[in-house]
Amino acid sequence: KQLNIKKVIKKKKWEAVIKKWSNKYLKDELKDVEQWAMTARRFNELPTSMFLPSEVQMEAKSEEKCRIKVWFFQDTSGSCSHLVKRFFKAALSLPPERFDVKMHCFDTKVYETDLKSQKLYGFGGTTFSCIESYIQGEIKAGKVKGNKYPEAVFVITDGFGDNVVPQKPEKWFWFIDGDPYLIPKKSSHFLLKDFE
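Scope of this entry: the structure provided in the associated data block. The structure presented is a predicted model; accordingly, all values stated were derived computationally and were not measured.

### A few points about the overall build of the chain
Now for step 1: The secondary structure content of the chain amounts to 4 helices and 8 strands.
Now for step 2: For the chain, the α and β elements follow one another from N to C terminus as α-β-β-α-β-α-β-β-α-β-β-β.
Now for step 3: Total accessible area computed for the chain in this model is approximately 12,700 Å², and 53% of it derives from carbon and sulfur atoms.

### Digging into the pairing of strand β5 (residues 110-113)
Now for step 1: Here strand β4 (residues 99-106) runs beside β5; their pairing, made up of 4 bridges, is antiparallel. Bridge assignment links Phe106 to a residue of β5, and that residue is Val110.

### Some remarks on the environment of Thr113
Now for step 1: As for its position among the elements, Thr113 is in strand β5.
Now for step 2: By relative accessible area, which is 10% here, Thr113 ends up buried.
Now for step 3: Residues in contact with Thr113, not counting those within four places in the same chain, are Phe88, Met103, His104, Gln118, Lys119 and Tyr121.
Now for step 4: For Thr113, the side chain forms a polar contact with the main-chain oxygen of Lys119, separated by 2.5 Å.

### What about the pattern of salt bridges?
Now for step 1: Across all of its chains, the model carries 3 salt bridges by this definition.
Now for step 2: Among the ionic pairs, Lys143 bridges to Glu138, the shortest N-O distance being 3.9 Å.
Now for step 3: The class for Lys143 is exposed, based on a relative accessible area of 60%.
Now for step 4: Close ionic contact of Lys171 with Glu151 constitutes a salt bridge, the shortest N to O distance being 3.4 Å. With Lys171 in the loop between β6 (152-157) and β7 (172-176) and Glu151 in the loop between α4 (129-140) and β6, this pair connects stretches of sequence that are 20 residues apart.
Now for step 5: With relative accessibility at 16%, the residue Lys171 sits in the buried group.

### Overview of the environment of Trp172
Now for step 1: Position of Trp172 relative to the elements: it lies in strand β7.
Now for step 2: Trp172 sits in the buried class, given a relative accessible area of 0%.
Now for step 3: Measuring from C-alpha to C-alpha, the distance between Trp172 and Ala152 comes to 5.9 Å, with 20 residues separating the pair along the chain.
Now for step 4: Those residues in contact with Trp172 that sit more than four places away from it in its chain are Ile131, Glu132, Ile135, Tyr149, Val153, Val155, Val164, Pro166, Ser187 and Ser188.

### Focus: the side chain of Glu138
Now for step 1: Summarising the element assignment, Glu138 is placed in helix α4.
Now for step 2: The residues contacting Glu138, other than those within four sequence positions of it, are Trp71, Glu112, Lys143 and Val144.

### Some remarks on the packing of aromatic side chains
Now for step 1: Summed over all chains, the structure comprises 19 aromatic pairs.
Now for step 2: Centroid distance Phe72 to Phe87: 6.3 Å. Interplanar angle 70°. Geometry classified as edge-to-face. Here the residue Phe72 occupies a position in strand β3 (residues 68-75), and Phe87 occupies one in helix α3 (residues 84-92), the gap between them amounting to 15 residues.
Now for step 3: Classification of Phe72 by relative accessible area gives buried; the value is 0%.
Now for step 4: Ring geometry for Phe154 and Phe173: centres 5.1 Å apart, planes at 35°, overall tilted.

Calculation rules
- Residues numbered from 1 in each chain as written.
- Predicted model: local features only at pLDDT ≥ 70, side-chain atom pairs only at ≥ 80, totals over all residues.
- Heavy atoms only, no water.
- Helix = DSSP H or I, 4+ residues; strand = E, 2+ residues; numbered from the N terminus.
- Areas by Shrake-Rupley, 256 points an atom, 1.4 Å probe, with all protein chains shown as cover.
- Pairing = 2+ DSSP bridges.
- Buried < 20%, exposed > 50% of the residue type's maximum accessible area, 1.4 Å probe, protein only.
- Contact = heavy atoms within 4.5 Å.
- Polar contact = N/O pair within 3.5 Å; in protein donor to acceptor, adjacent residues only side chain to side chain.
- Salt bridge = Lys/Arg side-chain N within 4 Å of Asp/Glu carboxyl O.
- Phe/Tyr/Trp six-rings, centres within 6.5 Å; stacked < 30°, edge-to-face > 60°.

Just distances and angles here, no functional claims.
What follows is the structure, given as structure tokens:
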């Protein structure tokens, strides 16, 4: 027999999507700023001790740029329990000096958790609208620095819940182990079956 061996295409890990998204924030921007510099000694009649203003490029970092708000939400219904380890691993892939990562789990309510304890809460039904309600509640209560919407909302779920209408759907990234029919059109979604 002659075997027709095809090249095996290795699937990417879904955490690579988060890494790719984060890369746009990890590039340092350069800007022109004025500084005092010594004049060139060659072909110059001015005294060498004189300083003149000149423009140079230097790294421009603002405090806000250094801490990008990223919120993770793990569906804690029974059908998503196998994704929990990857949920925390994905969040740990972001450098903490650049990203303000907040961890949450949800069923019909949102529960705060953290990377250190890795505790999960809930384990009831699933609604997606509670996530947007929670975000808006945190902003209105002044619990979010600068009262700004998170730069990214990563949701890990099986896709079975209710409709949600986020204020900024383009900032939502869905990792779905099921059907994406309830996901808002302007959001990005990724099927976990396409990943390792």
